[in-house]
Structures are given as C-alpha cells and as structure tokens.
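Given next are the chains, with one letter for each unit.
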Amino acid sequence: MPIKEFIDLRSDTVTRPTAAMRAAMSTAIVGDDVYGDDPTINHLEALAAKRLGTEASLFVCSGTQSNLLALLSHCERGDEYIVGQEAHTYKYEGGGGAVLGSIQPQPLDFEPDGSLNLEKVEQTIKQDDVHFARTRLLCLENTQAGKVLPLNYLATASALAKQKGLSIHLDGARAFNAAVKLKVPITEISQHFDSISICLSKGLGAPVGSVLCGTSALIQKARRWRKVLGGGMRQAGILAAAGIIALENQVERLAEDHHNAKLLGQGLAGIEEFLIDPQSIQTNMVFTQLVNIEPVPLAEYLRENGILITPSPTLRFVTHQDITTDDVQMVIEVIEQYFA
Ligand SMILES: *Cc1c(COP(=O)(O)O)cnc(C)c1O
C-alpha cells in the first residue's frame, strides 16, 4: 500500500476492488472461458443479461473493446455509424472501428444535454446510393460527461432508428449512474437499445472489465470478434468474480457519489475563480471553468496536499467509492486556502 493515500478525483476508473471483491476473487471457481468452461464468467454473463433484460452478454477486458465489438458486430466493411463528436466511441477509442472494421464514423455535435439532435441524425442518414457509405448504426452515450439522457428521448431515438432500419447501440459505460439518478431499473434504459456496453471497472469498482449486452445473435458475433482481437481470456473468472459483486452490491451506492459530487460543486461554486453551476451536476462528475487561473500550478499544489486532478482549462472532478464526504470537505478547504 502507498504510505500516503491520495484523494484521487481524476476518474472513477481509479477505484480499487473492495474487500468483498478480493475475497471473491481469491476463491472464484474458474475454467477455460474460450471453451465456455469458466463457471464464474458464465454466471456474470447470465447475471448481466438478466439485469439488463437482454438475451445474452459477453464479459470483455475493457469498455473500449466492448464498444469496438458492438461496432464490428452491427456493421460491416463500408458501413457507417452516427456518433457524437465528443463521444468516447468516436474520439477516445483510437478510431478502432475504422482501423479494424473499415467502418466509417459520421460524427455530429452533442447537444448541451448530451443527446444527439434527432432531426440532424435523420438528415444525416444516407440514402441508398453507390456514392455513400451505408448508414447502419446509431450510437448514443449515457451518461455523457455526467449528464443523464431523458428516458423519453431514448424512446424517440430508438423509434427513429427502427423506422430507418438502423441498429442502436448505447455506450453505457456509466449507464448505472443514469439509472440510479433517475431512480429506475436499468432496463428502463437498456430496453431502447439493440446493444449496450457497461463498465464494471468505473463507479461499480471492479478492477477490470465491461459487459456487452444484446441479442444472442449479436453476442455470438461479438464473441467471435473478441477472439479475433485476442480478447479470449482463459481463467478470467478471477476477474468476473469481482464483476458479479459490482453488479450485485455496488449499484445503489452510486447515489453517494452523486451526493458527494453535488457537495463538491456547491463548495467550488463559492470560490470566485471557479465558474460552475451546481444545478448542472447530475451524477458523479463536476466540471468547472477556471477564471484567470493556470490549471497546472493548481494541480501541483493539490498534489502536494494529497489531492489528484487532471489539469485542464475545464477541470473535471470525478467522485467514486474511495472519496468520502470528509474528503470532499477537505478538497474544498484546500482549494480555498490556495486562493486565500
Ligand atoms: C471509460 C469509458 C469507456 C471505456 O473505457 P475503458 O477504459 O476502455 O474501459 C467507454 N465510454 C465511456 C463514455 C467511458 O467513459
């Protein structure tokens, strides 16, 4: 263990497995998952499918791989997917769909609420014409930069996709944050999608892994592509054991992260140099513009005081299970001291 524990607000990916997870990992029954022989992975996949209300699911090493598998399974060479300009799937995944699937992205700007304007989506869907790529898939993200997409928007987006013959995928890396915020079962979100990717390794606290959920036919394709990508893991039940606990025991507590994010936002709003509307904080992310302040020296000062952030003109603070309400108070005090 490090001598000094940092208050790490860089991301919810920094969460360490809970004691219950480590115990479950140490006793997990495992087998060769490429042969379908790992009972713990099979359990996790069944559990995720049941929870999301889909026919099947696939345990994968990361959210990036999960989204890539969705692209490769929904689309073929020369197909196109519509996606947010700032979407993780488009901007932060190395162009994997293009690199490995010859799938063209058609990015559109996100609206301020994290949605894609559905009129623009409709206008962007290409006619069947030899000049054009075939528009095959619509990708949404929820939460998007901490923002929750309204359920009626999801229903409308889904209806549009169906009407136009597109599949619809959700990058639901933090979809459980959205469900907890809305106080609805995750199926209220997942029912609108043909596939949904969920990160177990963010707010849910597992050390590694995501699940891709969808129809049996889609997941069968994804399983094949996962092997092609070198993602067929063997006795990975050791990881799935933590994933099971993530799904079973870690969802409701996301509300604490949302509460702490709100407290942090309210505290920062009292500091002149931070431009922030605490009302805008919906889940576990706090974004603030810095007014006439250099982010790097601030981040260095915070590090000296045991607090980690990523320096940027728009600062992002992410709350998670390893951040307590006391930690939040401490962060606010330390930042106040910096400006005093
Ligand atoms: C973190 C994240 C992913 C996947 O990230 P990995 O680090 O590959 O697990 C996908 N989409 C969004 C929106 C994310 O925040």
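Remember, it's a predicted structure, so these values are computed and weren't measured experimentally.

Quick notes on the rules
Residues numbered from 1 in each chain as written. Predicted model: local features only at pLDDT ≥ 70, side-chain atom pairs only at ≥ 80, totals over all residues. Heavy atoms only, no water. Axes fitted to C-alpha atoms, helices over the stretch in contact; angles between N-to-C directions. Helix = DSSP H or I, 4+ residues; strand = E, 2+ residues; numbered from the N terminus. Parallel < 35°, antiparallel > 145°, perpendicular 65-115°, else oblique. Left-handed = near helix turned anticlockwise from the far one by under 90°. Contact = heavy atoms within 4.5 Å. Nonpolar A, V, L, I, M, F, W, Y, C, P; charged D, E, K, R; others polar. Salt bridge = Lys/Arg side-chain N within 4 Å of Asp/Glu carboxyl O. Pairing = 2+ DSSP bridges. Core = buried A, V, L, I, M, F, W, Y, C linked by side-chain atoms within 4.5 Å. Buried < 20%, exposed > 50% of the residue type's maximum accessible area, 1.4 Å probe, protein only. Domains from an automatic or database assignment. Buried area = accessible area lost by both parts, 1.4 Å probe. Expected span 1.5 Å × (residues − 1). Near = heavy atom within 4 Å. Polar contact = N/O pair within 3.5 Å; in protein donor to acceptor, adjacent residues only side chain to side chain. Areas by Shrake-Rupley, 256 points an atom, 1.4 Å probe, with all protein chains shown as cover.

With that settled, the discussion passes to the packing of helix α12 (residues 254-269) against helix α14 (residues 325-339). Where α12 contacts α14, the two axes come as close as 10 Å, and the packing angle between them is 15°. By the criterion of interaxial angle, the relationship of α12 to α14 is roughly parallel. Between α12 and α14 lies a crossing of right-handed hand. For the pair α12 and α14, contact is made by Asn260, Leu263, Leu264, Gly267 and Leu268 and by Thr325, Val328, Val331, Ile332 and Ile335, respectively. Looking at the contact of α12 with α14, its residues break down into 7 nonpolar, 3 polar and no charged.

This part is about the pattern of salt bridges. Taken as a whole, this structure holds 13 salt bridges when the rule is applied. We note a salt bridge from Arg16 to Glu5, for which the minimum N-O separation is 3.1 Å. With a gap of 11 residues between them, Arg16 in the loop between β1 (7-8) and α1 (19-27) and Glu5 in the segment before β1 connect regions that are remote in the sequence. Taken together, the shared-partner salt bridges in this structure form one network comprising Glu5, Arg16 and Asp322.

If you trace the backbone, Arg253 turns up in the loop between α11 (237-249) and α12. Between the alpha carbons of Arg253 and Gln321 there is a distance of 8.0 Å; along the sequence they are 68 residues apart. Once residues within four sequence positions are removed from consideration, Arg253 is found in contact with Gly203, His320 and Gln321.

With antiparallel pairing, the 3 strands of this open sheet are ordered in space as β9-β10-β12. Each having just a single partner strand, β9 (274-275) and β12 (314-318) make up the two edges of the open sheet. With 2 bridges connecting them, β9 and strand β10 (residues 285-290) associate as antiparallel partners. When the bridges of β10 are listed, Leu275 appears paired with Gln289.

Within the largest apolar cluster, 65 residues are counted, with the highest numbers of intra-cluster contacts made by Phe59, Leu116, Leu140 and Phe176. Looking at which element gives the most residues to this core, the answer is α11, with 8 residues. Among residues more than four places away in sequence, those in contact with Leu116 are Ile82, Val83, Gly84, Leu108, Asp109, Phe110, Glu111, Val121, Leu138, Cys139, Leu140 and Tyr153. Phe274, Ile293, Phe317 and Val331 belong to the second largest nonpolar core, which has 26 residues in total.

Time to look at the domain arrangement of the protein. In terms of domain boundaries, the protein breaks down into domain 1 (3-14 + 253-339) and domain 2 (19-249). On the side of domain 2, 15 residues touch domain 1, which itself brings 13 residues to the contact. Taking both sides of the interface into account, the surface hidden between domain 1 and domain 2 amounts to around 1300 Å²; carbon and sulfur atoms contribute 54%. A per-residue breakdown of the area domain 1 buries against domain 2 is headed by Asp12, Leu254 and Gln282, which together make up 43% of the total. Summed over the shared surface of domain 1 and domain 2, the number is 1 salt bridge.

With 12 residues, helix α3 (residues 63-74) ought to run about 16 Å at 1.5 Å a step, and its terminal C-alpha atoms sit 16 Å apart, in line with that. Among the 12 residues in α3, 11 count as buried, and that is most of the element. Those residues of α3 lying buried are Gly63, Gln65, Ser66, Asn67, Leu68, Leu69, Ala70, Leu71, Leu72, Ser73 and His74.

Take the site of the ligand next. Lining the immediate environment of the ligand, one finds Ser62, Gly63, Thr64, Asn67, His88, Glu93, Glu141, Asp171, Ala173, Arg174, Cys199 and Lys202. The backbone of Gly63 places a nitrogen or oxygen atom 2.8 Å from an oxygen atom of the ligand. Within the side chain of Thr64, a nitrogen or oxygen atom sits 2.6 Å from an oxygen atom of the ligand. If the ligand stood free it would expose 390 Å²; the protein chains cover 82% of that surface. In terms of residue count, α3 provides more of the shell around the ligand than any other element does, 3 residues in total.

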